[in-house]
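Commentary on secondary and tertiary structure
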Amino acid sequence: MSDQTASRDTILATAAQVLEHEGNALVRMAQNLPDDFAPAVERILLIKGRIILSGIGKSGHIARKIASTLASTGTPAYFVHPAEASHGDLGMITQDDLCILLSNSGETSELGDLIRHTRRFSIPMIGMSSKSDSTLMRAADLCLTLPQEPEAGSGIAPTTSTTMALALGDALAMALMEQRGFLSEHFRTYHPGGKLGAQLALVHQLMHGLEAMAIVPPDAGMQETLLKMSEKGFGIACVVENNQLVGVISDGDLRRNSEHLSSHSAREVATSTPITIPSDMMAAEALAVMNDNKITVLVVVDEADAPVGLLRIHDCLRAGVA
């Protein structure tokens with residue numbers, strides 16, 4: 001075995017050991033969640049203001065991530081740096097808020113002013129620490145106590161403890177999201193950019209409304225129908241009777257009936273059983289419908305089969321839905 005191979009084997013063994021160690025710690029925490037976990041979720045749901053996260057060092061980085069996850073899943077939250085809090089940012093925290101303070105040891109001196117501020121003004125405070133008898137946890141209204149697991153690897157740097165804190169923050173955010181009935185369309189409101197936002201888009205967010213549609217009655221002549229199709233520019237006309245969609249005329253229908261257009265009505269040329277979609281369908285699903293049926297535009301209808309809009313394949317692609 002070469003020295004390089006032996007070195008790589010050692011590297012992989014170390015990585016696997018760390019991941020296994022941290023994974024096992026998470027499993028043990030999942031099997032024995034903090035006693036105050038459910039009460040913490042219930043207390044946060046009652047808060048009229050925001051959730052303030054704070055910590056210093058590695059705990060501060062974890063607190064920032066938890067704040068970001070909470071905010072993006074329906075629980076208004078932000079991070080306050082404990083040093084900045086001691087120099088004026090305590091004024092950002094109101095009695096309508098709730099604080100979650102992170103410190104693995106529970107003895108982080110930089111959190112002192114935040115702890116005293118929450119106690120002075122009766123601001124609810126949740127502590128997250130591995131030391132249940134620490135200063136932070138004794139002062140907290142509710143305690144999210146982390147299991148006292150040894151740090152992975154050399155034990156010099158926070159590893160297992162920060163992983164557990166991060167995972168417990170995720171669990172808190174997901175439990176709150178479920179309790180609030182937070183749906184994918186709400187998630188997209190907070191994630192309008194990027195691939196994720198596009199994948200979560202709903203049809204009604206991308207479709208063209210009624211004003212963009214060529215709508216004709218069943219007995220309309222094809223000359224009138226063609227004029228409306230040209231005016232709207234989407235290559236499709238909706239045949240509507242008693243406010244219900246009874247047919248769709250596409251470029252394909254025009255080609256198939258080219259010899260009889262002058263003598264036929266809109267109803268006679270239209271496809272009487274067109275494929276339609278609801279406005280609350282995911283745009284990604286609508287794109288799949290278009291691809292499966294080899295069409296480039298769909299009529300959007302309501303529960304009563306009344307047309308409400310048009311969705312083109314180009315609208316989906318332009319929005320990044322693919």
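Whatever comes next refers back to the structure up there.
Here's a quick rundown of the structure. This one's a predicted model, so the numbers in the text were calculated from it and none came from an experiment. (Residues numbered from 1 in each chain as written. Predicted model: local features only at pLDDT ≥ 70, side-chain atom pairs only at ≥ 80, totals over all residues. Heavy atoms only, no water.)

Following the criterion strictly, the structure yields eight salt bridges and no others. For Asp170, the salt bridge goes to Lys65, with nearest N and O atoms at 2.6 Å. Linking Asp170 in helix H7 (residues 160-180) with Lys65 in helix H3 (residues 58-72), this pair joins segments that are 105 residues apart in sequence. Of the residues examined, Lys65 reaches a relative accessible area of 34% and is grouped as partly exposed. Across the salt bridge formed by Glu241 and Arg267, the nearest N and O atoms sit 3.2 Å from each other. In this pair, Glu241 is assigned in strand S8 (residues 236-241) and Arg267 in helix H13 (residues 266-269), connecting sequence segments 26 residues apart. Salt bridges linked by common partners bring Arg312, Asp315 and Arg318 together as one network. (Salt bridge = Lys/Arg side-chain N within 4 Å of Asp/Glu carboxyl O. Helix = DSSP H or I, 4+ residues; strand = E, 2+ residues; numbered from the N terminus. Buried < 20%, exposed > 50% of the residue type's maximum accessible area, 1.4 Å probe, protein only.)

What follows is about H7. Since one α-helical turn is 3.6 residues long, residues separated by three or four positions face the same way. The end-to-end C-alpha distance of H7, which contains 21 residues, comes to 30 Å, matching closely the 30 Å that a straight helix rising 1.5 Å per residue would cover. Tucked inside the fold, the buried residues of H7 contact helix H1 (3-31), helix H2 (37-45), H3, strand S3 (98-102), strand S4 (125-129) and strand S5 (142-145). Directly after H7, the chain includes Gly181, whose backbone phi takes a positive value near 70°. (Expected span 1.5 Å × (residues − 1). Contact = heavy atoms within 4.5 Å.)

Another aspect to go through is the sheet that holds strand S9 (residues 244-250). Here we have three strands laid out as an open sheet, ordered S7-S8-S9, and mixed in their pairing. The open sheet has two free edges, formed respectively by strand S7 (214-216) and S9, since each of these has just one partner strand. The average angle at which neighbouring strand axes cross in this sheet is 30°, direction not considered. Two strands pair when backbone bridges link them, and S8 and S9 are joined in this way by six bridges, in the antiparallel orientation. Looking across to S9, one finds that Ala237 is bridged to Ile249. Against the sheet, helix H11 (residues 222-232) contacts S7, S8 and S9, and its axis sits at roughly 160° relative to S7. (Pairing = 2+ DSSP bridges. Axes fitted to C-alpha atoms, helices over the stretch in contact; angles between N-to-C directions.)

A word on the side chain of Glu151. Looking at the element boundaries, Glu151 is found in the loop between S5 and H7. One buried charge, Glu151, has no salt-bridge partner; the nearest side chain with opposite charge is Lys131, at 8.1 Å. Among the polar contacts listed, one links the side chain of Glu151 to the backbone nitrogen of Thr159, at a separation of 2.8 Å. Within the structure, Glu151 has its side chain in polar contact with the backbone nitrogen of Thr160 (distance 2.9 Å). Discounting residues that sit within four places of it in the chain, Glu151 has contacts with His21, Asn104, Ala157, Pro158, Thr159, Thr160 and Ser161. (Lys, Arg positive; Asp, Glu negative; His and termini not counted. Polar contact = N/O pair within 3.5 Å; in protein donor to acceptor, adjacent residues only side chain to side chain.)

The geometry of H2 relative to H7 is characterised by a closest axis approach of 10 Å and an angle of 55° between their N-to-C directions. The pairing of H2 with H7 is recorded here as oblique in orientation. Crossing geometry of H2 relative to H7 is assigned as right-handed. Together, Phe37, Val41, Ile44 and Leu45 of H2 and Leu168, Ala171, Leu172, Ala175, Leu176, Gln179 and Arg180 of H7 make up the contact between the two elements. Class assignment for the residues of the contact of H2 with H7 results in nine nonpolar, one polar and one charged. (Parallel < 35°, antiparallel > 145°, perpendicular 65-115°, else oblique. Left-handed = near helix turned anticlockwise from the far one by under 90°. Nonpolar A, V, L, I, M, F, W, Y, C, P; charged D, E, K, R; others polar.)

On the secondary structure map, Thr159 appears in the loop between S5 and H7. Reaching out from Thr159, the side chain makes a polar contact with the backbone nitrogen of Ala152 at a distance of 2.8 Å. If near-sequence neighbours (up to four positions away) are discounted, Thr159 is found in contact with Glu22, Glu151 and Ala152.

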